[in-house]
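Single-letter residue listing:
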Amino acid sequence: MAERDRKAAYALGLEAEDIASALMGELGFTEVDRRARMKGGEIDLVVEDAETLVFVEVKARANASDGAEAVTARQQARIRAGLRAWLSIHDPQGERLASKAIRCDVVLVAQGGDRVHIPNAFPAADEGGF
């Protein structure tokens, strides 16, 4: 990928994250973290409300169905690894884990600004739990 293409993709990703954050805000969530680079994976967006802590994967594509297909099993595993690392740093005593539901959502941002929110898109924990 050429340097110019990389910069354009990066800018598109930032814009999509802004759109996803705004959408989650409209749904009553407050942004906690963004682009959290953790050992094992990156979390695009972390939001919460009184009951739920949500780890959001954001996909920007030409259309929503292309974005949905981009969240592969391998990527889900990396997100779960990032989620566990994030919790170990931001919730070392397990208070959020004890008091909130934890879920993984996907927000698809299509050209033209169409937004699709998929709550609980994949399990937050693997078979071994958190």
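Coordinates for the structure precede this section.
Residues numbered from 1 in each chain as written. Predicted model: local features only at pLDDT ≥ 70, side-chain atom pairs only at ≥ 80, totals over all residues. Heavy atoms only, no water.

Trainee: Please give an account of the overall build of the chain that cites residues and values.
Mentor: A count of helices and strands for the chain gives four helices and five strands. Listing every helix and strand of the chain by position from the N terminus yields α-β-β-β-α-α-α-β-β. Relative to its length of 130 residues, the chain is compact, with a C-alpha radius of gyration of 14 Å against a globular reference of 14 Å. When its C-alpha atoms are laid out on the principal axes, the chain stretches across 45 × 30 × 20 Å. Out of the 130 residues belonging to the chain, those deemed buried represent 41%. Long-range contacts, defined here as pairs at least 24 residues apart, represent 54% of the contacts in the chain between residues at least 6 apart. As displayed, the chain has an accessible area near 7,200 Å², and 49% of this comes from carbon and sulfur atoms. Charge-centre separation for the chain: the mean point of 17 positive side chains lies 6 Å from the mean point of 22 negative side chains. (Helix = DSSP H or I, 4+ residues; strand = E, 2+ residues; numbered from the N terminus. Rg over C-alpha atoms; globule rule 2.2 N^0.38 Å. Buried < 20%, exposed > 50% of the residue type's maximum accessible area, 1.4 Å probe, protein only. Contact = heavy atoms within 4.5 Å. Areas by Shrake-Rupley, 256 points an atom, 1.4 Å probe, with all protein chains shown as cover. Lys, Arg positive; Asp, Glu negative; His and termini not counted. Charge placed at Lys NZ, Arg CZ, Asp CG, Glu CD.)

Trainee: Quick rundown of unusual backbone geometry? Include the residues and the values.
Mentor: Phi at R35 is positive, roughly 50 degrees, even though this residue is not glycine. Here R35 shows up in strand β1 (residues 30–38). By relative accessible area, which is 22% here, R35 ends up partly exposed. At N120, a position not held by glycine, the phi torsion is positive, near 50 degrees. Note on placement: N120 falls in strand β5 (residues 115–122).

Trainee: I'd love a proper account of the environment of E26, names of residues and values included.
Mentor: Inspection of the secondary structure assignment puts E26 in helix α1 (residues 3–26). A residue is classified by how much of its surface remains accessible, and E26, at 55% relative accessible area, is exposed. Only 3.1 Å separates the side chain of E26 from the side chain of R115, close enough to count as a polar contact. (Polar contact = N/O pair within 3.5 Å; in protein donor to acceptor, adjacent residues only side chain to side chain.)

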